[in-house]
Amino acid sequence: MYDFIGKIKNQYLIFHNKGMEFEIKAFDKDLYASWDKEIELEKRRSTVLGIVPTKDDFSVIYTCRKKRKLNLLISRFSPAANLLDTATIKTYSNVLTPSFRVIRSEDKTKLLIYHIKEQKKMEALVYDLETMKILWERKIVPKDMSYYENFEQFILSNDGDLFVMLQKENKKSQRKKHLYEIHQVTADNQYGFFSIPMQNHLTYDILFSYDNKNKSLVAAGLYSEKNRGRANGYFFMNIPSSSPESHTLTFEAFDEEVVDKLLGKKADVEKGIADLDVQEIVHRLDGGILMILERNRILERGGIGNGGSNFNNRSIVDYYFDDVIVFSIHPDGKTHWKNVLHKKQYSQGDLAAYSSYFLLKTPANLRFIFNDEIKPENTVSEYVVKGSGEFERNSVLSTDDQRIQLRFSEALQVGSREFVVPSIMRTKMKLIRVKY
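Computed from a predicted structure; not experimentally measured. (Residues numbered from 1 in each chain as written. Predicted model: local features only at pLDDT ≥ 70, side-chain atom pairs only at ≥ 80, totals over all residues. Heavy atoms only, no water.)

1. Observations regarding the nonpolar core
In this structure, Leu 222, Phe 254, Leu 276, Ile 289, Met 291, Leu 293 and Phe 327 are the most contacted members of the largest nonpolar core, which totals 22 residues. For this core, the elements supplying multiple residues, two or more each, are β18 (216-224), β19 (233-240), α2 (256-263), β21 (276-283), β22 (289-301) and β23 (316-329). Once residues lying within four places of it in the same chain are set aside, the contact partners of Leu 222 are Leu 202, Thr 203, Tyr 204, Asp 205, Ala 231, Gly 233, Tyr 234, Phe 235, Phe 254, Leu 276, Val 278 and Leu 293. (Core = buried A, V, L, I, M, F, W, Y, C linked by side-chain atoms within 4.5 Å. Buried < 20%, exposed > 50% of the residue type's maximum accessible area, 1.4 Å probe, protein only. Helix = DSSP H or I, 4+ residues; strand = E, 2+ residues; numbered from the N terminus. Contact = heavy atoms within 4.5 Å.)

2. Concerning the sheet that holds strand β9 (residues 101-104)
Reading across from one edge, β9-β10-β11-β12 is the order of the 4 strands in this open sheet, with antiparallel pairing throughout. The open sheet has two edge strands with one neighbour each: β9 and β12 (133-140). Taken pair by pair, the neighbouring strands of this sheet meet at an average axis angle of 20°, ignoring direction. In the sheet, strand β11 (residues 121-128) pairs with β12 via 7 bridges, with the strands oriented antiparallel. Note that in β12 the partner of Leu 125 across the bridge is Glu 137. (Pairing = 2+ DSSP bridges. Axes fitted to C-alpha atoms, helices over the stretch in contact; angles between N-to-C directions.)

3. Things to note about the pattern of salt bridges
One pass over the full model with this rule turns up 24 salt bridges. Between Lys 9 and Asp 56 there is a salt bridge whose closest N-O contact spans 3.4 Å. One end of the pair, Lys 9, is in the loop between β1 (2-8) and β2 (11-17); the other, Asp 56, is in the loop between β5 (47-53) and β6 (58-66), and 47 residues separate them in sequence. Here Arg 284 ties to Asp 286 by a salt bridge, and the two come within 2.7 Å at their closest N and O atoms. For Arg 284, a relative accessible area of 14% puts it in the buried group. (Salt bridge = Lys/Arg side-chain N within 4 Å of Asp/Glu carboxyl O.)

4. Focus: the sheet that holds strand β31 (residues 418-425)
Strand pairing within a sheet occurs via backbone hydrogen bonds; the two strands may be parallel or antiparallel. As summarised here, the arrangement of the 3 strands in space is β30-β31-β32, forming an open sheet in which the pairing is antiparallel. The sheet is open, and its two edges are formed by β30 (412-415) and β32 (428-435), each paired on a single side. Mean inter-strand twist for the sheet, computed between neighbouring axes without regard to direction, equals 30°. In terms of strand pairing, β31 meets β32 through 8 bridges, oriented antiparallel. When the sheet's bridge partners are listed, Met 425 is paired in β32 with Lys 428.

5. Some remarks on α2
Burial in α2 covers these residues: Val 258, Val 259 and Leu 262. Taken end-on, α2 shows its buried residues confined to a sector of 95°, consistent with a single buried face. Of the residues trailing α2, Gly 264 is marked for its positive phi of about 100°. (Arc of directions from axis to C-beta.)

Below you can see the structure in the form of structure tokens.
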């Protein structure tokens, strides 16, 4: 398994997890392979939980066992992959190995490390990478919680505040009771929770994000009136972290313009739109957001005894990743503008690895970059969207005769106008850098 660390000191680093060995691969400013180096963690049988890069170094978070104790450790390395420091974050006695998960703050100075016990208890700690100390740790036990049924999302702010979102009663028969329960632990370890009733709407999809500039928790989502299989409109939440009771929650139905562009002029607006996902939120400086949706669906056909199967009697899986829809929403929930960015991607049996898009954020605009078609010889295109909503479509590059197939959903922005995207064909991986 590979983890792209990023660009540090004008070189590009990749972490290669071989299971029993851990290696750093370095590429120079022109993306030529320059060196490989094996790094040593506390034990060879270590389990790596995550990699956290900064401007000057990178850290590896991992666990290893010593006798009957499980140690949660962090090791910091220089850009040359030399060990700078190792610290024990926490030691657990007489426990089975928990399924730890790691979440980073936006500025990469804080780490949330948590695990779930018995589907209803959360053991969480926040680690400060600048001081190399635990900022706080706590057990969170929400009332009437079933993790796989209620859990929605964890979010960590740059200050070290944790937000845990739980979805409750999102069923047609219970829609009047449908709400989001939000549990908050502040950087000074104060606990509280509050509820956001959904005003008789069902949730089709939702994504939370924290606005570190304006100190508020926001959410963008799609709602259903009756059938949770189709979205009838979108909603916006804006929850100030200091006064959640003064939150904003607005709903807006899809209009004919959006439905016509997605489904054609004969479509029925009242039936709603299926196969939509909230892919990401981009924060505006004024506290508003851009909500980015994508139409995608997965169809499985064939199987044993069915004429659609292949020669091994395995089912065939088709992936469709189509239009991107962008809504710009003011802080009060009113819509500023909306646009449909047309694309049409189809692939088969590849887990949609080459589909979807990459979003490059620059000071002047947003660039949505994607494969026009899912095949080795292909044109890469982009939509350039301005803050006013105006947009244009351009060709970026051709992959003809290049022996590359780009995975834009795994690309990484490494500068204000630069990103790196991996190409994987058969067993060969390449890195491609695009600079504007």
